[in-house]
Amino acid sequence: PVVRTVNVVDTVAPVMFLEEGTSAITLDVGDTYNDQPPTASDNYDASVQVQTLGAEKLDTTVLGTYTLTYMVQDMSGNQAQPMPRTITVVDNDAPVITLTGDAAINHELGEAFVDPGYTVADNYDPSVTVNVSGEVNGLIQGIYTLTYEAVDSSGNLALLTRTVSVNDFVEPVITLLGDANTIHPVNSSYTDAGANALDAAEGIVNVVSSGIVNT
């Protein structure tokens, strides 16, 4: 007798398939990532298990690009070509500038203007610099604009403005010379003691009096 031994083997590697559009994923910083590994099938094994490498390095709270690598091997040791997926964690949120005080301010003419200030916070950067442009001249009547600008490390821009109207909003203060109530002899000439007036914006201003005293 002549004997021939035939070994039936499996030399075909499993096949992996990533859903279209999921080989590169972009996430906002802080988002939760739920991995959807590729599906895998084999010509012989009823099911094969996909392994994921690199998942332990993925941190969605830190900006950067991460790579997950998927691998699968059948019971015969046939290994599919590793399949990568890139996950990019980005920051698309601009800083938030909050003005102290009102966004529109009436400022008294003649007084030095002091900006009430602001606060700023960002969803990722621990600190952000705010640049303030524009100036207010409290000695010159007009409408001024202050611009507050902040850019985070990802280039997201925040822009805010404050309008300051410089004008004379406060009335003058009149100060009587002499008493507000006086006793005057009948039939004798009366001369009013007068009054002074001081304005915050204009300084000393003229006082016009009206009325008569019939002695």
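Report on the accompanying structure. (Residues numbered from 1 in each chain as written. Predicted model: local features only at pLDDT ≥ 70, side-chain atom pairs only at ≥ 80, totals over all residues. Heavy atoms only, no water.)

1. A closer look at the sheet that holds strand β14 (residues 195-199)
In plain terms, the rule: For two strands to be treated as a pair, DSSP must find at least two bridges joining them. Helix numbering and strand numbering both begin at the N terminus, where a helix is a DSSP run of H or I of at least 4 residues and a strand a DSSP run of E of at least 2. Angles here are taken between N-to-C directions and fall from 0 to 180 degrees, while the axes themselves are lines fitted to C-alpha atoms, restricted in helices to the stretch in contact.
Pairing within the open sheet is antiparallel, and its three strands lie in the order β13-β14-β15. Both outer strands of the open sheet, β13 (173-176) and β15 (203-205), are each paired with one neighbouring strand and no more. Between one strand and the next, the sheet's axes are offset by a mean angle of 35°, whatever the strand orientation. Note: β14 against β15, three bridges, orientation antiparallel. If you follow alanine 197 over to β15, its bridge partner there is valine 205.

2. Quick look at the packing of aromatic side chains
The test is simple: When the centres of two rings from Phe, Tyr and Trp lie within 6.5 Å, Trp using its six-membered ring, the rings pair. Their planes under 30 degrees apart give stacked, over 60 give edge-to-face, and anything left gives tilted. Only protein chains enter the calculation, and the probe is 1.4 Å; a residue is then buried if its accessible area is under 20% of its type maximum, exposed if over 50%, and partly exposed in between.
Taken as a whole, this structure holds one aromatic pair when the rule is applied. Considering the side-chain rings of tyrosine 118 and tyrosine 148, the 5.7 Å spacing of their centres and the 65° angle between planes classify their relative orientation as edge-to-face. Here the residue tyrosine 118 occupies a position in strand β9 (residues 118-121), and tyrosine 148 occupies one in strand β11 (residues 142-151), the gap between them amounting to 30 residues. The exposure class of tyrosine 148 is buried, given its relative accessible area of 0%.

3. Side note on the environment of aspartate 45
The test is simple: Residue contacts follow a heavy-atom distance rule, with two residues in contact if any of their heavy atoms lie within 4.5 Å.
Checked against the element boundaries, aspartate 45 lands in the loop between β3 (39-41) and β4 (50-53). A C-alpha to C-alpha distance of 52 Å links aspartate 45 and aspartate 152, two positions 107 residues apart in sequence. If sequence neighbours within four positions are ignored, aspartate 45 has contacts with Asp74 and Met75.

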